[in-house]
Every structure is written in C-alpha cells, then in structure tokens.
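# Notes for the structure review
Listed below, chain by chain, are the residues.
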4 protein chains.
Amino acid sequence: MDQYEIYVAGKFKTTSTELPVTNPFTGKVFARTFLAGPDELEDAITAGLKAESVLADMPVYRRYKILTDVSEAIRKDKDRLAGVLAMESGKPYRYALGEILRAVQTFRIAAEESKRLPGEYLSIDWTEAGDGKEGWVKYFPVGLMAGISPFNFPLNLAVHKIAPALAAGNPIILKPARATPLSVLELTRILDKTGLPPGAVSVLPMDRQAGDQLVTDPRFKMLSFTGSPQVGWKMKERAGKKKILLELGGNAGVIVTPSADVSRAAGRCVTGGFAYSGQVCIHVQRIYVHEAVFDSFTRIFIEKVRKMKFGDPLDPGTEISVMIDEENAARVEAWVRESVDQGAEIILGGKKKGNYFEPTVLTRTASSMKVCSLEIFGPVVTLEKFSSFHDAVGMINDSRYGLQAGVFTNHLDEMNEAFNNLKVGGVIINDVPIFRVDHMPYGGVKDSGFGREGIKYSIHEMMEPRLLVKNKV
Amino acid sequence: MDQYEIYVAGKFKTTSTELPVTNPFTGKVFARTFLAGPDELEDAITAGLKAESVLADMPVYRRYKILTDVSEAIRKDKDRLAGVLAMESGKPYRYALGEILRAVQTFRIAAEESKRLPGEYLSIDWTEAGDGKEGWVKYFPVGLMAGISPFNFPLNLAVHKIAPALAAGNPIILKPARATPLSVLELTRILDKTGLPPGAVSVLPMDRQAGDQLVTDPRFKMLSFTGSPQVGWKMKERAGKKKILLELGGNAGVIVTPSADVSRAAGRCVTGGFAYSGQVCIHVQRIYVHEAVFDSFTRIFIEKVRKMKFGDPLDPGTEISVMIDEENAARVEAWVRESVDQGAEIILGGKKKGNYFEPTVLTRTASSMKVCSLEIFGPVVTLEKFSSFHDAVGMINDSRYGLQAGVFTNHLDEMNEAFNNLKVGGVIINDVPIFRVDHMPYGGVKDSGFGREGIKYSIHEMMEPRLLVKNKV
Amino acid sequence: MDQYEIYVAGKFKTTSTELPVTNPFTGKVFARTFLAGPDELEDAITAGLKAESVLADMPVYRRYKILTDVSEAIRKDKDRLAGVLAMESGKPYRYALGEILRAVQTFRIAAEESKRLPGEYLSIDWTEAGDGKEGWVKYFPVGLMAGISPFNFPLNLAVHKIAPALAAGNPIILKPARATPLSVLELTRILDKTGLPPGAVSVLPMDRQAGDQLVTDPRFKMLSFTGSPQVGWKMKERAGKKKILLELGGNAGVIVTPSADVSRAAGRCVTGGFAYSGQVCIHVQRIYVHEAVFDSFTRIFIEKVRKMKFGDPLDPGTEISVMIDEENAARVEAWVRESVDQGAEIILGGKKKGNYFEPTVLTRTASSMKVCSLEIFGPVVTLEKFSSFHDAVGMINDSRYGLQAGVFTNHLDEMNEAFNNLKVGGVIINDVPIFRVDHMPYGGVKDSGFGREGIKYSIHEMMEPRLLVKNKV
Amino acid sequence: MDQYEIYVAGKFKTTSTELPVTNPFTGKVFARTFLAGPDELEDAITAGLKAESVLADMPVYRRYKILTDVSEAIRKDKDRLAGVLAMESGKPYRYALGEILRAVQTFRIAAEESKRLPGEYLSIDWTEAGDGKEGWVKYFPVGLMAGISPFNFPLNLAVHKIAPALAAGNPIILKPARATPLSVLELTRILDKTGLPPGAVSVLPMDRQAGDQLVTDPRFKMLSFTGSPQVGWKMKERAGKKKILLELGGNAGVIVTPSADVSRAAGRCVTGGFAYSGQVCIHVQRIYVHEAVFDSFTRIFIEKVRKMKFGDPLDPGTEISVMIDEENAARVEAWVRESVDQGAEIILGGKKKGNYFEPTVLTRTASSMKVCSLEIFGPVVTLEKFSSFHDAVGMINDSRYGLQAGVFTNHLDEMNEAFNNLKVGGVIINDVPIFRVDHMPYGGVKDSGFGREGIKYSIHEMMEPRLLVKNKV
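Residues numbered from 1 in each chain as written. Chains lettered and ligands numbered in written order. Predicted model: local features only at pLDDT ≥ 70, side-chain atom pairs only at ≥ 80, totals over all residues. Heavy atoms only, no water.

Attention now goes to the overall build of chain A. A tally of regular secondary structure across chain A gives 15 helices and 25 strands. Taking 23 Å as the expected radius of gyration for a compact globule of 473 residues, we find that chain A reaches 23 Å, a close match to that expectation. Projected onto its principal axes, the C-alpha positions of chain A cover 75 × 65 × 40 Å. A total of 473 residues make up chain A; the buried ones form 67% of that total. A fraction of 73% describes how many contacts in chain A between residues 6 or more apart in sequence connect residues 24 or more apart. (Helix = DSSP H or I, 4+ residues; strand = E, 2+ residues; numbered from the N terminus. Rg over C-alpha atoms; globule rule 2.2 N^0.38 Å. Buried < 20%, exposed > 50% of the residue type's maximum accessible area, 1.4 Å probe, protein only. Contact = heavy atoms within 4.5 Å.)

This is how it looks when you write it as structure tokens:
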C-alpha cells in the first residue's frame, strides 16, 4: 500500500494520525497519508511567513521557470498521475487524464501571467491640486494564503490556488479534501524539486476542526475556498480581516432553442450532465427545451444517456462510474424520491446501487424541489419545456445560484437577452455550462460565489495595488 | 458680405488673395476669406514649433479646461454655426446642426481623453539579462502636425484633427477645403480666446500648391488627411519621414437578410444613402438584399426615397438639397449614364438639374461599373439581390475599398461571418454603415485609409511611446 | 432655523425623531433634520430594488448627463454649500470650499468613467477544448448598495459612494454621519431634479441601531463604509454575502531626507498635520526626519505651526478651528497626557480649550504610545529623528495601519525602497500623505481598509464581470 | 563545404545563382547558399497569399504549439547554431550564443502573445445617436508581409519579423542580409517541420534589385525593415499603400553623473561600446561624463577596454574580433581620421588591420564630426565632459537620431528630466543604451525609425482593428 507523506514547510512528514484513502469503485483502501495537526500547521505558517519576502522579491524569470518546470513535470508523468487521481476519486480515467492535462495548462498559464502582473500609469494633475505630479501603480502580493480545495477536481482545483499564488508571489498552505489528498501530494513531490523556499507551499490534509484555523488565523492574508455554499458562506463571516474568494456550487441550466442544432445540443448535454456523475460545480442540472423541439431533443438525449458505459474508473472505456461515497449517493436518491413524491416523473434511471447512482432524467419538476433548487452534485438532470425565450431566461434565474448557464441558439436577440439578463458568472452560447478553460474568468454570483478565478483574475485577487505619486520637485 | 480672416500663429489676418465662398443652393457668393501663401504658412510653422514644448508641458487640467471651454462655446452658438455650415456646404440644416453637435462632442471627448493618455508598466526581468530592472512607458506628443480636411463635414472632420492634436499636446496647422472654410474659421474665433499659445492652432485655406508643403515639409512630424483616395495615397509617398493618417473614401455596402426587420432596414438605408446627397465617406452606396425579401424591401425603400423633401438647406424641413458643385453633379450623372449604357437599370431618379442630382436607385449593376467600384460621393445607390449570405459577404468584399459595412440580420452565424470576413474597418449590425460616433475607432482598410481616428485612437497615433527602464542599482 | 427633510425613495420627508445639528464653533444648534427609522429604510430599500433594472438599463448618455448636471449644480452653489459644510463640521471655510470643489470633480469624473465601464475580449482556444470559441466580458452593476459616510468630509466622502454607484448603475442608500448630515441633504435636493428613478438615491440619517440594517440586510449587495477601523472590521464579519469596501483610518507617516527641500517639506507637513485639526484619515501623524536636517526642519516647522490662525470656521482667514466635539478633544488630550507620562516631550501645544485642541507637536515618543500607534484624528504630530533611510521605512511600517505615506527625497534608490517596501496603499514622493485627488486609487492595507476607492476603482468594486463564451457553431 | 538551400513556399530549393558565405575572421568561404530571383519570389508570394486565410483561421493552441516548438528546437541545437552564427558574422561566440538564446525567447514570447491578441469592448451610446448600440473591437492580421533583416543579429532580428508575424496570423517573406543568411536558413529547417502551411514563411536571400520588390509590390500589406537609415527612409517613400516599420540606426549616448557607481558605469560602457565591435544599432557611441568624475571614469574605462581579448569568434574566450568586412573597417578608419583632422584626440586605438578595427576611444570631438553625428557602427566611442545635467541632455539630443540613451544617476530629478526630455525611444537608467530584452517596446524616433518592435508591439503593428457595432434590435 502506497504511503504519501504530507508536505510541511519544505519537508515531507508523517504524523500520528493516519488518513487511509479508499478507491470508491472497489471500496478498498489503497493508500494512506496523514492528517496534520496544530503543530504541523504552525510550522507551515511560520515557514510561510518567512517565505513571503523571498517570493515577493523573486525575479520573474525564476518564477516563470519554476512554474513551467512544474507544468512539464506533470505532463511527463501524466498517465500515472491520472491513475492516482482516478483511484482516489472514482473519476473515469478519460476525465482524470483530462484533469491532469488541465493542471499542466494551469501552471503554464500561471507562468505566463507571472510575467504580466498588472501595473498602471495615471496622470494626477486633473485639477490644480495635482500640478506637477504623476502616478504609477504596481501590484504587490498580499502575503501568506490559505487554500481549501474539494474532492471533485482533486488536482486542478488545488492548482487553481497554488499556481496563481506563486505567480503573484504569495506562499500558500493548502488543505485538500480528505477523500482525495493524493494527486496534490504527488504535486508536492514535483514542487519540492523546484527551488522554492521552504514554506512557499505546504499541503496539509486536516480534519475540519484543525482546518478551521485556515479561516480564522489572522496571519493568513487571504483565504481561497472551493467547496459547498453552506460551508463557504460561513467562512466569510469568520474570516476576520483577510480577503476571501469563494468558488461554490450551483444548479446550472441550459436553454435549447429551435434555431440550434438540436442533436449536437443533446450530445453536449449528456456530457454536461453526467461527466463524473454530475459531481461538478457547473454540471448541467436543469435543461429547458423549447416546445417545438422538446420531443426530438428528448428522444436523442435519452438514447445517448442510455448508451453511457458504466465501469471501473481505471478502464479507459468507462464513461460513468460510482459517486465519491455512498452517503452522497443516498442523498441523491432521497432528493429524487422526494421529487417524485412531489409530482416529478422519472424518464430514465433513478436507482442507487451502493455508491453508484444511475444517470437519471426527471421531468414535470417544480423549481421548489430540491432536485431543482439545490445543488444536486450527482448524475441527475431535469428536463422541462418552455414556450418563450424570455420565460426560459426567467427559469434559469429562478434560483439562488448563478454560476454558469448554456444557451443553444442561432438568434442574436436571444444571445443578447441571455448575456444581459442571465444572473450568472458565465454564459456559454452553443455549449453547455460545464465548459471551463483555465484562463477564463470563472466564478459565480448570488449564492454561487464571491470573486473570480481563472489565472489572471485569481492573481489580481491575490495582490494589492500600491500607488506611487511622484511630485516633479 | 461677411469677411473671415484666416488664423495664423495666434493672429487673425487677411492676405492679398481673396477666397469667395459660395452658397451652393443659391449659387451666390455670401462671404469671403483669404488664401494663405508661403509667408503665412512659414509664420504658422515657426509659431507651431515654438508651441511644441508649451503644449507638451501643459498640465492636464489646463488642457481639459481649454477643450471643454471650446466645446461649450460651440454649443452655445450652435444654431448660428449650423446656419453658416449649411450655407457654405449646402448641407440641410438638420444635418448641419447634427454636425455642430458632434463637434461639441468631439471636443468634449478629447478633453476627457487628455486625462487618460496611455502609459504602461512592464516587468523587464523575463530573463536573467533583465534582473533588477523594471519598465515604464509614457507617451509623448509627436510635435507639429499638419491637418487637411474635406468639404463634406467642414467642421467636425477638422475638429477630428484639431481636438486630439491638442489633447495629445501637439500644435497643428489645418488646411480646410477651399469650398467650406467658414465653420472652422468660426472655430478659430473660439480657440483664440482659450489661452492656447500662439501657433497651437493655425487655420489656413490654401490652394493645392501651397498646401503641398503640409505634405513635404519635414518640420511637420505628422500629417492627418481626410479626403479622396487618389490624393491621399499620393501624399503617403511624398510625406518623407513623417507619420501619416489617411481617412479616405469607400463604396460602403449593406446586406439585408430575411431575419431582419426589413421595413426598418429600408428606412435606415434611405438615410444612409441620401443624407447630404451621399457626399459622405460611409454613405450607403451598395445595397444587397436577400431574394426572399428583395421585392418587399425595394417597394418600401423606393416609396420612402420618393418622399424625401428637396429644398433650401436653410429650411429645417429639407431632407435633400444640392450637391457641393455642378462639377460633382456632372460626374455623378456621367457615371450613372455609363452604368446604364453597360446594362444597369434606373429604378428611380437619375437626372441632374444644375448642381442638384436626384436621389437615384440603380439595379442590374455589375461590380466593374464605376457606380459600384468607385466612390460615387453622390445620391446614388445600387440595389442587388443575393441568395446566400456567404455570397453577399463576397459582394461587399469585391471592392478596392473597405471602410464600413452594415448587416441587417438576427442570425448569430451571419453576424460572426460578417465580423470575421468583411474586409472593412467597421461592421454595423442592424444599422447602416453611415453610422459613426466620435469616440469609436474609425477608418478603412484596403484603399480606404491608413490608421484610425476616433479620439482615443487619433491621440494614440499622434503620440510616441518612450520606455523607461529603471535598474534597481 | 433651517429644516432639512430627509430623502427617502425619491421623496423628501420628516419623521417623528428630530435630529438637531450643532455648529461646533458656537456650540449652538442651527438646523434640524430627522432620523429615519425602519419604515423609512424599508421604503428606501423597496424603491431601491425597483430602481435596479432602471439604472442598469439606462443608456450611457443619460447617466452622463445626470452626473454632469449634478456636478454643475454643485459648482453653481459652491459658496453657500461651503458655508453649510463649514457650519455643520467646524471645518475652516477654505477647506470647506475645497471639499465642495472636490465633490464637483468627483461627480465629473464619475460621469466620464460611466462612459468607460470595463469590458474585455479574450481568446478561449488556448487548448483544443476551446476550439471555435471566443470570449467577451462585460461588467454589470451589483445591485442595491448601502453607503455609510463619516463626519470629516461630510459631502465628498458621501459623494465617493453615490457618484460611482450611479455611474456603475447601482441604486444606493446612504447614511451620513449624524453630526454632519446637511451638506449631503443639500445634495439630495440637486439629485431630486435630475430624472433619476425614485429610490436611485436615498439619504437617511439614522442612529447606529437602525443603521445596522445596512450591514446585515441581505437585500443590499454591497456595503461601502468610510469610518473608524473598530466599527469597520466588525461590519465585515456581519455583512453576510454582500461585497464590502472599507475605508478606515491610519496614522500616516512622513520621511524627510537631506536630499529634499527641507523648508518646503516643513511647510507641507504643517498643512498635512493640522488641516481640519488633523481630523483626516491621511493627516500627517508621524514625521521622521533625518538627523542631518532634524534641527533645521524642526525650527521651520514649529515656526510655521505657531503662525496658524485660529478662528471661526466661517472666517475665510481661519486656518485652524475647533474639533468636531468636546469628546474627541478630550480623547486627544488624554492620549497626549498619557504619552507625556510615558516619556514624550511636548514641543508645542498640548492644551485643550472646550472642543478646541491646540496644534501639538510631540517628540521622544515610542511606537507603542497611543499618539503613535492609534489614529489620533486630532491636531497632534510626533517628530522623530532617524539615521538610515532603511530604519525610517521600518518606523513607518511599525504600525497596524497602512494608508498612505510621504517621502521627501531626491534619491532614486530611496524612492525605490519606499515604493517597494512601505506597506501602505499610496506612497507620495515629495509631498505629504494627506495628498488625495479623487480619481486616484485610494485605500489602505493592514488595518486601514479593504478595497480601493477613486472613481474608476470604486466602480470596478461595484460591478460584477460576466463572461460570454461564444461558440462558432 | 556546407550547402544551404533557400526556403521557398514550403520547399527547399537551389537556384542558378550561388551565394558564397565567408567567415570574416579567416576570410574563407565556408558555406554556400543561393540567391532567389523573381521566379522564386513569385512562388513565395503566391503561396504566401494562399496561406493568409489558413494562418488567420488557425486556432490559438496551434499557433502557440508551433511557436513554442520552434523555440524548443532552437534551444536544443543552441551550441551548433551559435557556431554557425559566429562563423558567418564574426560575432564572438559568447555573444553569438546569447543571440541564439534570445531567439529562443523571442519565439517563446510570441507564442505567449498569440494567446493575448488585443480586443476591446466599448459603449457606443455616449450620445443619443448611439442608443441601443455597443461596440467590440477585434484585431485581424494585415496579410502577407515582407521582412528585411540585417547582418548584425542575423538570427534574432529576423526572428523579430517572423515570430510576431506568425503570432499575428500573417505569412511572411524574409530577405536576410547576404553576408549572413545561414542562421535564418537553419531556422527554416526547424520551421519546415512544424505543420505551418506552405508559404507561411519563405526565406529568400536576394540581391538588392530583386529584393526591391518587397518594397514595391502591392501584394505585401506590410514591410518590416531593420537596417540603415538611408535605405530605410527611401523605402518608406516607395512602399505604396503598405504599412511600414523601420528599425534604423543611431548614435546612442550615455550620461554618467557623480551620484552613480562610476566603476560599474565604466564597465557597462565597455560592453555597450565594443560588443560585436560596435556593430549594434544601440551600441554606446557617445559617452558624456560629469567633470567631477571624468578623470576617474576615464581611467577605469580605458583600463578595461585595454584588457579586451581579441581573437577568433569561435574561441569562447574572445571578447572582440573582426568587423563584418574590410569595407566597413575602412569606413570607420576614414571617419576616425577625419575627426582627428578636425581636432579630435585619440585616447586609445584608432588603427585598422584588415577587417579588424581596434577598440577606439576619442575625445575633444565636436557634434558635427561624423564619429558623433552619424552611426559609426564600429568599435569607436567618444568620451566628453559636461558640467550640468541639463547640458548633457542637450548633448544627447544634439543628433538626428534618437534610439536609446543611458543615464547613470541616483538623482530623481535627473531621472525625471532624462525621461521627459531625451528625444529617444528608450531611456535606460543606470545601464547602457545597448540594453534590450525581446518583449520591451523598442524603436527610435527622429531618423532612427518608425514604429516599435518588441513582440507585443510588433504584433500590434501587424494587425488591423475591426469594430463591431451591435445594435440592440
């Protein structure tokens, strides 16, 4: 059984508390790592604070080299790393490999953006009070950061904290999800060889109690959290003076109009709805189809869902596999049953087998049902009809969340209305809302989040502007 | 009879050569001004060179005040100025007033942009060679400028030279069109009261020979010309080392598709085609209508053209009046006749009465005919049918010119194709190509021009970047 | 006695609770207004929510006109308004008039920036996953805002909430300081005539309990607060999901080196230290002078402080007057006494007469004394010696605050060190940290604040980006 | 003897005219390539025009991969390529290797910038005329480009044409200097394997007559030339409608003030003055030293120049070697002699041996002497004294050229004066003007050039903006 030491202040360490890691498909523990306690965290913080000035003063060419070296090292080991990721998360290998390649990209983009940190020139003499003065703005790293990342993209969502932190010149302590700590611990083995100062990055699996210090300790200047809305919003209240960035969940919707390529839309909705069993913040949860094409869409969609291949995540042919754990599968089952009790109809699926939940399509749902209003985070989509585009926009907006939305249309007025009126962070025209590339601004409005990731945007959140006013005299 | 002195190096002057100004509608001389000769030009240049450092060093709040004061002064006198402009140019009062108000805007925008001159910060240490260094870029005025403006927007196109020049910190010598020197001479009376240094702006009507020095004299650091393609491109070859900006002509086209509001499109095409008798660089010269709506478009369009009210430019109800002179009307007539000889058909109009040319609509034209291929600069449009959008884009592109194009469509794929493939400076979706506001980037590709106006863009062309690399040591 | 109705949802109203307004110099009540209660606040919120879409959809030219009209209306009434402001705040007329003129500017800048709201283009196809896609970002208003402004700049700091909110398209409910509600109520009389929808701006004086709803009510999407650190940071914890911007206090420091013009530095420090009795967030509280010029600086400085003219704020010759109330004067006196008990020496001043506190200069202070470590917000400066520039930077940084700092130097290496190492929001070279113009980015780090004001920057904080990903298909 | 085929429209070819390549140090022909004639050029143009749309439509990830692959391929072969470059140019190996590594960087930067092509959002509705409209700007490649590069950086200055052309989406035909065609032909062997369409890049050594078609043929949409001022400015007049970018020469100056580290300044001036025998556009030609440190500077400087090691360029220890040919050495000798005849004094060097010219230091020169006023492009520097900084700035500006300047100072007011008043493209504080990194904006004012290189800036010059105005309707 593989053992992964945790990475504390530039050293690999074990602790007194083992953390076994289970393969969700086999249900067997296949590796172990360790939980950090207050001592390890204190070491990491102390080293992190020391690393602040080293990182801030590091010339760009060194930051760039470190970040590109990490990117290349991940790429070289991509197949093995995809296996580790698939094993710990139950994510089908094809998607696991995709995530590894995205992490390669994320580091690459961070390297490039480290060369392009913002800065501004401004004239100051707009009134006589500013006569003889001019202004320059540079951006400086905020300082020690805390990052908390979720199980569903165990590597790349951790990298979305680590890579921009380093690009901006900030040390970071990252707490991965306890279920999936391995791929990011693999990353620390790469990071360890790059010449970063000790404490630049520490990765500490922790239980929630110990991890809470990441939220409350004032020595952290910023907290970047990806996870559930309930947990995230509570952190905001307890974060003290630090900056905070929250990437939370949603119940992303799609609109399909008659002017779209309905068959293509249906195919994209299958991927959007069921990739990694819907355990994705922006998975397609709600599909709204115009009445004129509802039947044809439904037929094609259902047929494609039916054909999805279930199997072991490690099998390259597998398209859908188990959920992260049985607790979540049971929650999904309960929500689906409740919706049926409240009048919804199951078109397909609906059954749980252990921690596997079948790809499920519901219709005749109401916006108040949990399967619509909450984040299902499972392989369940609702399929409903609309008659006017304006109504469809209203249906998407009838939610406490607002992360991304997809609109399949060839009509300019519909694109305009969607972009101007959908209360979300991103509108994807002619594709599903699950679409994300790592440099685009990403994040939600309403209950879905606070701030934006996407490397350039993350970096901006992780820096403070400082103005220089230079008097002529 | 009103007399307008020319404005040379901060002084109002007469010269030995009178320039009578004719009202194109009545054919009568109603005012006189003077032609500058080499002596006046030399005085203007000498003062301009002296003004260079004064303007470059002028604090922003003073530039801003001067430019906003000018804007307000024009606004206060807008009705009288519109009358002067209508008289000298034959432009219907409604459009003349519109032009005055645009000049108000152009100065206002220049004032605002003078506060926002560009500047950049860049890290230099992308390789070890740059270790310890950082870079700042500021933009500095190029120096003395020459401007040449045409008859068709006698005030606002001159202002598009003068206002950004001052915002950037450059002195300028402007040569207005000989037919229409009055409205810009009115402007000099306003400029004279603003506290600008002598030579900051000189306005010199000149014959072509004297004016040629604006092109060839190396003391001018930049030439900004708006006028005909033939004249403009020859200037480029003779301009020596100076920067050059050319705003030339075109034969702007419009595409009308079935997904558009055909009636609205037809109405906009009437304005676009016949405002100021088509004497506008971006007037609608070629209309391409999808076969499915060709007949209905034609019916509505012709009906609206028929209803245009001819009259004295000074009459507020007048929608169309005479052309600038009979020579141009005769040229238009000759081109129309030639097109008919070559197989074109006149749907409406086609006749010349003195310097009036009727609003004319042709069809069955070929792209090789002068009415299609050259800039007609008169009240003539061609109306042709297409069957595929792709072909329509090709028809627009089948031209040596590329200024702006209009596309009436509600289809996203058509908008995308138009934007990505039309070889023009600007694509106007759901409006006619005559659309211009004074802050947008404006200018042509192919034979239609070189560089971009639109205040922020003009200013950028009128400045030179200077890099500061600051070594840490 | 003048009566000012409060401005609720587009209507001027009285309430059952009078709020008398006192002239701090005479100690007499000279006007009255009213405290809003939960009902008025609820009306304002309801109308504000309704105004959201009206403001968001308002075309730029209308926003611009409203904001420039307000700017002009303030300018026209500047002398009277300066009198009102001087009366309610005890601010000497010369500074009161300066503040009025800054409010004129702030609205003007907001008008200009409303034309320049951010937006971005980005290519999406950095990997094959993005093939055929491109991205556009637009910024949308966050929605209903709450603003809380302090007594010391009763008009312009309120305007720094209201003007950018409107420029961004957000309605706002503003709570002014209870001591100084009049000048911003004067502003509402101007705003009322501009054609803004009811609820776009409401101004409600409230007691702290009622005002607390501005912090906690989730219908506010953002809270912008200027005031004391203690109050501000507690708000952050109780603000729920809303965005928050905090402009808090500081203990701004100045460094004077031998390469500077010492006499000029001394003169600027007098203004920076004692304008409005030091009741300014960025007033000069700590002066560090190089030992080589300490004596000469001190001599000139003390001489100039001695000459400051005390008097009635309404007297144009007055340079220093009373503090806002006796409570604050007493607090300042206590801190000064405590510092003396702990070893500090009074060079000048130190005495309280009613709510007047003499301009006071202390030396031999320690960084732990309240007069150094806390925000004095009174007419007290400390004057200390340093021997190395590096030490001086450390002295400035030895503080929980970090708003702005001033550095008088002609040495490039000192400027670089100051800019790169001073932990503040702004470094003013060759001037005092009290320097602020209304378009520059302004705000603190450490305990001094969260986020940046300065119109363009405020607007950015008040908007949310939304990404459009457009697939080619 | 190595044979290098030329690269025409995706094919390696020989022609009927051999071009022998000489090693300037040994004087022996060591390789041969071929001169292209009108037929090869026509093939290249035809294929280039075909490649326009392929390149324009190529997704970013493919452009990026091609450019990074080229960068990596150069890096892998860097030692051998440095040898080829040293052999053809006589450039000492250490500098030759440096140039190869810069070419690696230049392609890398171009790859990164290809992801970040510019684009803009702008509101259009600043007046009622724009109601309901908004604007987006994208940049499109200009089309087929011509590039002409000089002998002194035979690879990297060619790469400064090729890499940004490809990043922008433009095909390019490059004419290298006839003396040094090999390193860029080596590059074509790398380019050929990248999957670029035929005609994307052609490299054609040509005699001046054949090469002239690059200037005059209207099928080229842009010409980018690096070379001598006389040749460059004549091209501008004959370039027709195409865009033009000129990187020409200069007589770069340095100012050394007493506040600087004089010893370091002297050392940097040795490198700046004599690297590659001064055959660099921005080599240090004129040194102005403050009288207070003139003697000490001179002593250190002369001592260091004396120690420069002459030898075979291929010897890694060589610091200075022969010039490109005897013709140039003879020209330098003549200018030096003429200066001595006119009163200059030789402190060091001054002699020619074949095509070697000794490192030469002159003093008592006058600005009218050729060694000062023209571009010496040889190992000659002038060393003069000044007493006021203001005068020194004037001395630098007393030149028809303005490329870069260096200023060694620790005084802020001197930095400000230098930056605001030196009429050059770049001011390097505390380093020599020879400083260039490949991403910084680079180019001259006055007779030194037209436009800016530096990848982002080159790309911008190689693209045309196109505005989309989208009407709401």
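Bringing the confidence of the model for chain A into the picture now. Caution is warranted with low-pLDDT regions, since their predicted coordinates should not be read in detail. Looking at chain A, the pLDDT average stands at 97 and 100% of residues meet or exceed 70. Taken over the whole predicted complex, pTM reads 0.97, whereas the ipTM for its chain interfaces reads 0.97. (pLDDT = per-residue confidence, 0-100.)

All names here are of chain C. On the basis of which strands lie adjacent, the open sheet formed by three strands has the order S1-S5-S4 and mixed pairing. Here the strands that pair on one side only, and so sit at the sheet edges, are strand S1 (2–3) and strand S4 (17–23). One ladder, built from seven bridges, connects S4 with strand S5 (residues 28–35); its direction is antiparallel. By the bridge assignment, Thr17 is partnered in S5 with Leu35. Along the sheet, helix H3 (residues 78–89) makes contact with S4 and S5, crossing S4 at roughly 95°. Against the sheet, helix H6 (residues 182–191) contacts S1, S4 and S5, and its axis sits at roughly 55° relative to S5. (Pairing = 2+ DSSP bridges. Axes fitted to C-alpha atoms, helices over the stretch in contact; angles between N-to-C directions.)

Another aspect to go through is the pattern of salt bridges. Under the criterion given, the structure shown has 132 salt bridges over all chains. Between A:Lys161 and A:Glu453 there is a salt bridge; the shortest N-O distance is 2.9 Å. Here A:Lys161, found in helix H5 (residues 156–168), pairs with A:Glu453, found in the loop between strand S24 (449–450) and helix H15 (455–461); they are 292 residues apart in sequence, far enough to count as distant. You'll find A:Lys161 and A:Glu453 in the same group, each marked buried. With a shortest N-O distance of 3.7 Å, B:Glu345 and B:Arg364 are connected by a salt bridge. Here B:Arg364 lies in the loop between strand S18 (360–363) and helix H12 (370–373) and B:Glu345 lies in strand S15 (residues 345–348), a separation of 19 residues in the sequence. Overlapping salt bridges, with partners in common, bring together A:Asp77, A:Arg80, A:Glu186 and A:Arg189 in one network. (Salt bridge = Lys/Arg side-chain N within 4 Å of Asp/Glu carboxyl O.)

Looking now at the sheet that holds strand S25 (residues 463–471) of chain B. Note: strands within a sheet are paired through backbone hydrogen bonds, in either parallel or antiparallel orientation. Overall, mixed pairing links the ten strands, which are arranged S6(B)-S7(B)-S25(B)-S22(D)-S21(D)-S13(D)-S14(D)-S19(D)-S18(D)-S15(D) in an open sheet. Every interior strand has two partners, whereas the edge strands, strand S6 (119–123) of chain B together with strand S15 (345–348) of chain D, have only one. On average, each strand axis in the sheet is tilted by 20° relative to the strand beside it, whichever way the strands run. Taken together, the five bridges between S6(B) and strand S7 (residues 133–141) of chain B define a ladder with antiparallel strand orientation. Of the residues in S7(B), the one forming a bridge with B:Ser123 is B:Glu134. Sheet contacts for helix H14 (residues 412–421) of chain C: S7 and S25 of chain B together with strand S22 (426–429) of chain D; angle to S25(B), the most-contacted strand, approximately 90°.

Attention now moves to the relation of the copies chain C and chain A. Mapping one chain copy onto the other needs a rotation about an axis and a shift along that axis. With an RMSD of 0.0 Å, the fit of chain C onto chain A corresponds to turning through 180° and sliding 0.0 Å along the axis. On this basis, the relationship between the two copies can be described by a two-fold rotation axis. Judged by C-alpha distance, C:Glu237 is the residue of chain C that lies nearest the rotation axis, at 2.3 Å. When the interface residues of chain C are mapped onto chain A, 98% of them again fall at the interface, so both copies present the same face. (Least-squares fit on C-alpha atoms with pLDDT ≥ 70 in both.)

The next point concerns the packing of aromatic side chains. For the coordinates displayed, the defined rule picks out 42 aromatic pairs over all chains. Within the aromatic cluster, the residues linked to one another by ring pairs are A:Tyr121, A:Trp136, B:Tyr121 and B:Trp136. A cation sits over an aromatic face here: C:Arg466 above C:Phe140, 3.8 Å from the ring centre. The ring of D:Tyr64 has D:Lys115 sitting right over it, with the charged end atom 3.8 Å from the ring centre. (Phe/Tyr/Trp six-rings, centres within 6.5 Å; stacked < 30°, edge-to-face > 60°. Lys NZ or Arg CZ within 6 Å of the ring centre and 35° of its normal.)

Next up on the list: the interface of chain D and chain C. Accessible area lost on assembly of the parts is the figure often given for the size of an interface. Residue-level contacts link 28 residues of chain D with 28 residues of chain C. Considering only the side of chain D, the residues that lose the most area to chain C are D:Tyr61, D:Trp126 and D:Leu412, jointly responsible for 28% of the buried surface there. The interface formed by chain D and chain C holds two salt bridges in total. In this structure, C:Glu134 and D:Lys138 form a salt bridge, with 2.8 Å as the shortest nitrogen-oxygen distance. Of all the secondary structure elements, the ones that give two or more residues to the side of chain D that touches chain C are helix H2 (60–76), strand S6 (119–123), strand S7 (133–141) and helix H14 (412–421) of chain D. Its residues placed into classes, the side of chain D that touches chain C shows twelve nonpolar, seven polar and nine charged. (Buried area = accessible area lost by both parts, 1.4 Å probe. Nonpolar A, V, L, I, M, F, W, Y, C, P; charged D, E, K, R; others polar.)

Here the focus is the domain arrangement of chain A. Residue and element names in this part refer to chain A. Taken domain by domain, chain A holds domain 1 (2–248 + 448–471) and domain 2 (253–437). The centre of domain 1, based on its C-alpha atoms, is set 31 Å off from the matching centre of domain 2. Counting residues at the interface gives 27 residues for domain 1 and 29 residues for domain 2. When domain 1 packs against domain 2, the two sides together hide about 2,300 Å² of surface, and 63% of this comes from carbon and sulfur. Looking at the side of domain 1 facing domain 2, the largest losses of area belong to Phe25, Phe151 and Ser448, adding up to 25% of the total buried there. At the boundary of domain 1 and domain 2, one finds two salt bridges. Note that Glu453 is salt-bridged to Arg436, the shortest N-O span being 3.9 Å. For the pair domain 1 and domain 2, the interface holds five residue pairs in polar contact (both at pLDDT 80 or more). (Domains from an automatic or database assignment. Polar contact = N/O pair within 3.5 Å; in protein donor to acceptor, adjacent residues only side chain to side chain.)

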